[in-house]
Amino acid sequence: MITNDNNLENRVREYLSTVQDIKIEEKKMFGGLAFLVNDKMCINVKGDILMCRFNPELTEQLSERTGFLPTIMKGREYKGYCYVEASGYKTQKELAFWLNLCLDYNEKAVASAKKKRKK
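Below, the structure is looked at part by part. (Residues numbered from 1 in each chain as written. Predicted model: local features only at pLDDT ≥ 70, side-chain atom pairs only at ≥ 80, totals over all residues. Heavy atoms only, no water.)

### A look at the packing of helix α1 (residues 7-16) against helix α3 (residues 92-106)
Each pair of packed helices can be summarised by the angle the axes make with each other and by the distance between the axes.
Part 1 of the argument: With their axes 11 Å apart at the nearest point, α1 and α3 run at an angle of 65° to one another. In the packing of α1 onto α3, the handedness of the crossing is right-handed. Along the contact surface, α1 presents L8, R11, V12, Y15 and L16, while α3 presents Q92, L95, A96, L99, N100 and L103. (Axes fitted to C-alpha atoms, helices over the stretch in contact; angles between N-to-C directions. Helix = DSSP H or I, 4+ residues; strand = E, 2+ residues; numbered from the N terminus. Left-handed = near helix turned anticlockwise from the far one by under 90°. Contact = heavy atoms within 4.5 Å.)

This is the structure:
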């Protein structure tokens, strides 16, 4: 169920504000609010759904965690991305697990090519 409160956005924002030496940008993406870390999409929030970007090699292991859902858009599963339902991040410790997973991979992730703007 998607709710319109900003609780999850605020929890993510608050957590990221405690992380040293990163640049955070918030941007509307994927129908929600993306948190770009060092110019790379890292975390996205849409209602009470958390979208995580992580090392694709961890997919099988992560799929066993509570709240995990594969990210499927336009009929295609996105490797290295997942949705996490509210049941998977109820506690601060659970949320920190997912956010740290994203932050750990962010250092290795490749930034998408920026689209050239028309002048």
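Back to the write-up after that little detour.
### What to know about the pattern of salt bridges
Part 1 of the argument: Scanning all chains against the criterion turns up four salt bridges.
Part 2 of the argument: A salt bridge links R13 to E9; the nearest nitrogen and oxygen atoms lie 4.0 Å apart. A residue pair is termed a helical-turn pair when its members lie 3 or 4 positions apart in one helix, as R13 and E9 do in helix α1 at four residues.
Part 3 of the argument: By relative accessible area, which is 30% here, R13 ends up partly exposed.
Part 4 of the argument: According to the relative accessible area criterion, E9 is buried, its value standing at 15%. (Salt bridge = Lys/Arg side-chain N within 4 Å of Asp/Glu carboxyl O. Buried < 20%, exposed > 50% of the residue type's maximum accessible area, 1.4 Å probe, protein only.)

These figures come from the coordinates and say nothing about function on their own.
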